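Given next are the chains, with one letter for each unit.
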Amino acid sequence: MKIAVIGAGEMGGAFATGLLKTDLFKPEDITVANPHEGKLKPFAEQGTSVTTDNKVAAAVADIVVLAVKPKVVKGVIDEIKEELDYSKQTIVNMAASIKLDQLEAWLISGGDVPAICQAIPNIGIAHRQSMTFLSPNDKAAASPKPVLDIFNALGKTMVVDEDLLGAGTAMAGCGIAYVLRFIRAASEAGVELGFKADDAKNIILQTIKGAGSLLAEGCHPEAEIDKVTTPGGMTIKGLNTLEANGFTHAVIEGFKGSLK
Ligand SMILES: NC(=O)C1=CN([C@@H]2O[C@H](COP(=O)(O)OP(=O)(O)OC[C@H]3O[C@@H](n4cnc5c(N)ncnc54)[C@H](OP(=O)(O)O)[C@@H]3O)[C@@H](O)[C@H]2O)C=CC1
Ligand SMILES: O=C(O)[C@@H]1CCC=N1
C-alpha cells in the first residue's frame, strides 16, 4: 500500500510525521508533495519519496491525501485528475469546509466518482494523538478499512455524518488550539504566582494529565470537581472567580465561534 500527501504544511507535515511513526507504510511508500522544496527536506531525510509534482505523487499512491488550503483544492484536483484510477484509489480530503458533493463534482470523470473520505484531524496527529473525524462518500463507505486503519493508528477516530463534520472540526481540529491557549493562560497565572514559566507550564501539563486520566476511567468532570472543592476552601473561591469572569460562557462561545 502506498500513500501520497499533497501539501506539506502544518497539517500535511504533521500527518506525514505521524505516519512515519507507524508501521503501516515503509518510508519509501509515503510520497510527500509540496511546491517549495524546503518543506520536503525533513521528509526526504527520513527516507520518504518527495516531489514538487503533484501528478507524480498522485499517480503512484493507493491513497491520495489532499492537505492544502481549501481555496487550493480545486486546482490540485484539476491537476491530478488525469492521473487517478478510480477503480483502486481513494481520495482523502483534509481541507475544512469543502463538501463531499463539491469534491465529487470536481472529481467526476465519465460519470464515475472515486472513493472519497473527508478527514479532519488535529495537529496531535504528529504524535499519533489526533482526534480525527471521518465522513466517507458511499463508495468509500463500502470499503472503509484502509482509511480507518490509518487514522486509528494515529489517534482516535470518529466516523460521522458529514453534517457533523464542522462541529467535529470546531471541537478537535480547532479545539486543540483552545486547550493550548488555556495552558498558556494558566502558565501565565503560575508565573504571577511565583513559578518560572517552564515550571508553570509543566505543572499545568501534569495537572491536565491527571484530569484526563480520571475522565479516561469513566469519571464525570463535575463529580471530580466536587471532590476537590473543600467547603469554604480555596478551590470553590477560584471556580467562582472563573465563572464571575465568564469562563464557561467564554469556552462555549469560543467553540461555537469557529463555525460563525
Ligand atoms: N492546521 C490544522 O491544524 C488543520 C488544518 N486542516 C486543513 O488542512 C489544510 C492545510 O492546512 P495547513 O496545513 O494548516 O496549511 P498550510 O498553509 O500550513 O499548508 C498548506 C501547504 O500546501 C502547500 N501548497 C500550496 N499550494 C499547493 C499546491 N498547488 N500543490 C501542493 N501543495 C500546495 C503549501 O506550500 P507552500 O507553503 O510551500 O507554498 C503548504 O505547505 C487546510 O485546508 C485546513 O483546513 C484540517 C484540520 C486541522
Ligand atoms: O483553522 C482552520 O481553519 C483549520 C481547520 C481546523 C484547524 N485549522
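Note that this is a predicted model, so its numbers are computed, not measured.

**A short note on the packing of helix α8 (residues 165-192) against helix α9 (residues 197-216)**
Alright, step 1. Contact geometry for α8 and α9: axes closest at 8 Å, N-to-C directions at 125°. The angle between α8 and α9 falls in the class oblique. In this structure, α8 meets α9 at a crossing whose hand is right-handed. Counted together, Ile-183, Ala-186, Ser-187, Gly-190 and Val-191 of α8 and Ala-197, Ala-200, Lys-201, Ile-203, Ile-204 and Leu-205 of α9 form the full contact between these two elements.
Alright, step 2. Of the residues in the contact of α8 with α9, the class split is 8 nonpolar, 2 polar and 1 charged.

**A word on the UniProt feature "binding site: NADP(+)" (unreviewed entry) in the protein**
Alright, step 1. In the UniProt entry, the feature "binding site: NADP(+)" (unreviewed entry) is given for Ile-6, Gly-7, Ala-8, Gly-9, Glu-10, Met-11, Ala-67, Val-68, Lys-69 and Pro-70. Spatially, the listed residues are clustered: although they cover 65 residues, their C-alpha atoms lie within 14.2 Å of one another.
Alright, step 2. In this fold, Gly-9 is placed in the loop between β1 (3-6) and α1 (10-20).
Alright, step 3. What makes Gly-9 exposed here is the crowd of 12 C-beta atoms within 10 Å.
Alright, step 4. Looking at the secondary structure, you find Met-11 in helix α1.
Alright, step 5. The exposure class assigned to Met-11 is buried, which follows from the 25 C-beta atoms found within 10 Å.
Alright, step 6. Contact partners of Met-11, with chain neighbours within four places excluded, come to Ala-67, Met-94 and Ile-123.

Each value, and the rule that gives it
- Residues numbered from 1 in each chain as written.
- Chains lettered and ligands numbered in written order.
- Predicted model: local features only at pLDDT ≥ 70, side-chain atom pairs only at ≥ 80, totals over all residues.
- Axes fitted to C-alpha atoms, helices over the stretch in contact; angles between N-to-C directions.
- Helix = DSSP H or I, 4+ residues; strand = E, 2+ residues; numbered from the N terminus.
- Parallel < 35°, antiparallel > 145°, perpendicular 65-115°, else oblique.
- Left-handed = near helix turned anticlockwise from the far one by under 90°.
- Contact = placed C-beta atoms within 7 Å.
- Nonpolar A, V, L, I, M, F, W, Y, C, P; charged D, E, K, R; others polar.
- UniProt positions renumbered as here; feature names shortened; annotations may be inferred.
- Buried ≥ 20, exposed ≤ 12 C-beta atoms within 10 Å, placed from the backbone.

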